Amino acid sequence: MTRAGAEAIAPAADAPAPAARLARRRGVELTLILMAVLLSVYGYCAVGLARTGAVPPGAAGYGAGLGVLALLAHGAVRMRAPYADPLLLPIGVLLNGIGLVLIYRLDLETPGDRAAPTQLVWSTLGVALFAFVVAALRDHRVLQRYAYVSVVGALALLTLPILFPAVNGARIWIRIAGFSIQPGEFAKVLLAVFFAAYLAANRTALAYAGRRIWFVQLPAGRVLGPVVAIWLLSVVVLVLERDLGTSLLFFGLFVVMLYVATGRTGWIAVGLLLAALGAVAVGWLEPHVHSRVEDWLHPFASIEAGRGPNQLAQSLFSFAAGGLLGTGLGLGHSTLIGFAVKSDFVLATAGEELGLAGLSALFLLYGLLVERGYRAGLALRDPFGRLLAIGLASIVALQVFVIAGGVTGLIPLTGMAMPFLAQGGSSVVTNWAIVALLIRVSDSARRQYDGKAAP
């Protein structure tokens, strides 16, 4: 080769390789969605075959309904958030499908009170809200402008149930003309938006070190007010509404986001201390909460007294009966928890009929949903988006921990709804809204590395 030819080739060899474009992976998402729908339909059929020996007559309608909802959600993501994480939507579809299967299975114990059709209607509303959020919210940073509107709305939603009668000892529902909603479910998303906006704007002041007490380096006194105010708010919610789970969820959400914003472990220590003091005080002073603490400390006391097993004891018996592989869908003794479909005890039915293996799979799905939310948040450059994604993912993580810990005897019962699994219109709609916001954040996170602006 001549020298001129070599010189002509050299610049081409030294030129930088073109940047690889990120794959949108919508085909992967569609494949996983179809698998999620098929698994849900299989579970629905398995329940019918176990109970009656025949495929349920509504299996085709159930599969078609869930499939259409999943495809509509996929279409919204494909058109408006093409760079979004391909795992978030299939996980939501699968969890929602499993929840419908479990509710249908529990409906067989109460033929006069069918909850699965109603849950499918609420799931439709949730997917509709999902599609609206994905299509209408072009940029998640728009939410930062409505921080104080969000906190006012959240406080209003939290205080409304105080005006209505208690249900199962807690004032967390609004019931009008047979229609009921749980405002606290919507309030947690609004609080996540407010916390993310507040902490993103004040993260420097919050990280400023102040007085040191023992081994904890506290922040400056002028910025300690927010965490104390949130702690007091959580205690007020707990006292007035007798809702231990919601108060712990709100306070835990704030502490987690505060730690992420500042990177200081002292906030975690202060948060745990304040939460423990509040829980102990109310646990002794509030009779409803105190009874749950007593049941947690002595789950078999009612059996020894001849009154039969209480709720927690029944739940523990269900987990024990399930063993490693479970009794099989439809073959458990879920009548032990007669109201499981409307409470956190739906997890006991899952543990009994799916066993430890199936329960572990459910927890892995929740863990993967939380992990993808954290991944999307950490990939973002703007502080608000990072805190919002981590806050929303932490809502799911904290709620699953509180519910699973309660029904397994790790912590006292709280009465919250298991995300996507338990019956509850407010819960399933809110969870779909959380998935939609995580979809939007993950789309923005992947766009910034592909050089694409927000749509």
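Conventions and cut-offs
Residues numbered from 1 in each chain as written. Predicted model: local features only at pLDDT ≥ 70, side-chain atom pairs only at ≥ 80, totals over all residues. Heavy atoms only, no water. Helix = DSSP H or I, 4+ residues; strand = E, 2+ residues; numbered from the N terminus. Contact = heavy atoms within 4.5 Å. Areas by Shrake-Rupley, 256 points an atom, 1.4 Å probe, with all protein chains shown as cover. Core = buried A, V, L, I, M, F, W, Y, C linked by side-chain atoms within 4.5 Å. Buried < 20%, exposed > 50% of the residue type's maximum accessible area, 1.4 Å probe, protein only. Expected span 1.5 Å × (residues − 1). Polar contact = N/O pair within 3.5 Å; in protein donor to acceptor, adjacent residues only side chain to side chain. Phe/Tyr/Trp six-rings, centres within 6.5 Å; stacked < 30°, edge-to-face > 60°. Axes fitted to C-alpha atoms, helices over the stretch in contact; angles between N-to-C directions. Parallel < 35°, antiparallel > 145°, perpendicular 65-115°, else oblique. Left-handed = near helix turned anticlockwise from the far one by under 90°. Lys, Arg positive; Asp, Glu negative; His and termini not counted. Salt bridge = Lys/Arg side-chain N within 4 Å of Asp/Glu carboxyl O. Nonpolar A, V, L, I, M, F, W, Y, C, P; charged D, E, K, R; others polar.

Q: Before we move on, can you summarise the overall build of the protein with the specific residues and values?
A: Within the protein, the secondary structure is distributed over 16 helices and four strands. Within the protein, residue pairs in contact and separated by at least 24 positions form 73% of the contacts whose partners lie at least 6 positions apart. Accessible area of the protein: about 20,300 Å², with a carbon and sulfur share of 69%.

Q: An account of the nonpolar core is needed here, citing residue identities and associated values.
A: Judged by nonpolar contacts, the single largest core of 108 residues is most densely connected at Leu 89, Phe 130, Leu 392, Met 418, Leu 421, Trp 432 and Ile 439. Sequence-distant contacts of Leu 89, defined by excluding residues within four places in its chain, comprise Glu 29, Ile 33, Ala 73, His 74, Val 77, Phe 130, Trp 432 and Ile 439.

Q: A description of helix α3 (residues 59-80) should follow, citing residues and the corresponding values.
A: The first and last C-alpha atoms of α3 sit 32 Å apart over 22 residues, in line with the 32 Å expected at 1.5 Å per residue. Listing the buried residues of α3 in full gives Ala 59, Tyr 62, Gly 63, Leu 66, Gly 67, Leu 69, Ala 70, Ala 73, His 74, Gly 75, Ala 76 and Val 77.

Q: A description of the environment of Thr 52 should follow, citing residues and the corresponding values.
A: By the secondary structure assignment, Thr 52 is in helix α2 (residues 26-52). Sequence spacing of Thr 52 and Gly 330 is 278 residues, and the spatial spacing of their C-alpha atoms is 9.7 Å. A distance of 3.4 Å separates a polar side-chain atom of Thr 52 from the backbone oxygen of Ala 54.

Q: Quick rundown of the packing of aromatic side chains? Include the residues and the values.
A: Going through the model one piece at a time under the given rule, you end up with nine aromatic pairs. Summarising the aromatic geometry, the rings of Tyr 44 and Tyr 62 are spaced 4.6 Å apart at their centres and angled 15° between planes, so their arrangement reads as stacked. Taken together, the residues Tyr 44 in helix α2 and Tyr 62 in helix α3 connect sequence positions 18 residues apart. Tyr 62 matches Tyr 44 in its accessibility class, with the two residues each being buried.

Q: Can you break down the packing of helix α4 (residues 88-107) against helix α5 (residues 116-136) residue by residue, with the values?
A: At a minimum axis separation of 9 Å, α4 and α5 run at an interaxial angle of 165°. When the axes of α4 and α5 are compared, the pair comes out roughly antiparallel. The two elements α4 and α5 cross, and the hand of that crossing is right-handed. Seen from α4, the contacting residues are Leu 89, Asn 96, Leu 100, Ile 103, Tyr 104 and Asp 107; seen from α5, they are Ala 116, Pro 117, Gln 119, Leu 120, Ser 123 and Phe 130.

Q: Before we move on, could you go through the side chain of Glu 352 and cite the residues and values that matter?
A: Summarising the element assignment, Glu 352 is placed in helix α14 (residues 346-379). Buried charge Glu 352 goes without a salt bridge, the closest partner of opposite sign being Arg 105 at 6.4 Å. A polar side-chain atom of Glu 352 sits 2.7 Å from the main-chain amide nitrogen of His 333. If we ignore the near neighbours within four places in the chain, the residues touching Glu 352 are Ser 318, Ala 321, Gly 322, Gly 326, Thr 327, Gly 332, His 333 and Ser 334.

Q: Tell me what's going on with the packing of α2 against α4, and back it up with residues and numbers.
A: In contact at an axis separation of 8 Å, α2 and α4 are set at 10° when each is read in the N-to-C sense. Here α2 is positioned roughly parallel relative to α4, judged by the angle of their axes. Each of Glu 29, Leu 32, Ile 33, Ala 36, Val 37, Leu 39, Ser 40, Gly 43, Tyr 44, Val 47, Gly 48 and Arg 51 in α2 lies in contact with α4, whose residues at this interface are Leu 89, Pro 90, Val 93, Leu 94, Gly 97, Ile 98, Val 101, Tyr 104 and Arg 105. Residues belonging to the contact of α2 with α4 are distributed by class as follows: 14 nonpolar, four polar and three charged.

Q: A description of the pattern of salt bridges should follow, citing residues and the corresponding values.
A: Inspection of every chain in the model, using the stated rule, returns 11 salt bridges. With its nearest N and O atoms 3.2 Å apart, the salt bridge here joins Arg 375 to Glu 371. Remark: Glu 371 and Arg 375 occur in helix α14; sequence separation between them is four residues, near one turn of the helix. Judged by relative accessible area, which is 47%, Arg 375 ranks as partly exposed. Judged by its relative accessible area of 28%, Glu 371 falls in the partly exposed class. For Asp 443, the salt bridge is made with Arg 440, and the minimal N-O distance between the two is 3.1 Å. Placement of the pair is Asp 443 and Arg 440 together in helix α16 (residues 425-450), with a separation of three residues, close to one helical turn. Its relative accessible area of 0% is what places Asp 443 among the buried residues. Judged by its relative accessible area of 1%, Arg 440 falls in the buried class. Salt bridges sharing common partners tie together Arg 51, Arg 105, Glu 109 and Glu 353.

Q: Lay out unusual backbone geometry with the relevant residues and their values.
A: The phi dihedral of Phe 420 falls on the positive side, at around 75°, and the residue is not glycine. Relative to the helices and strands, Phe 420 resides in the loop between α15 (383-407) and α16. Of the residues examined, Phe 420 reaches a relative accessible area of 2% and is grouped as buried.

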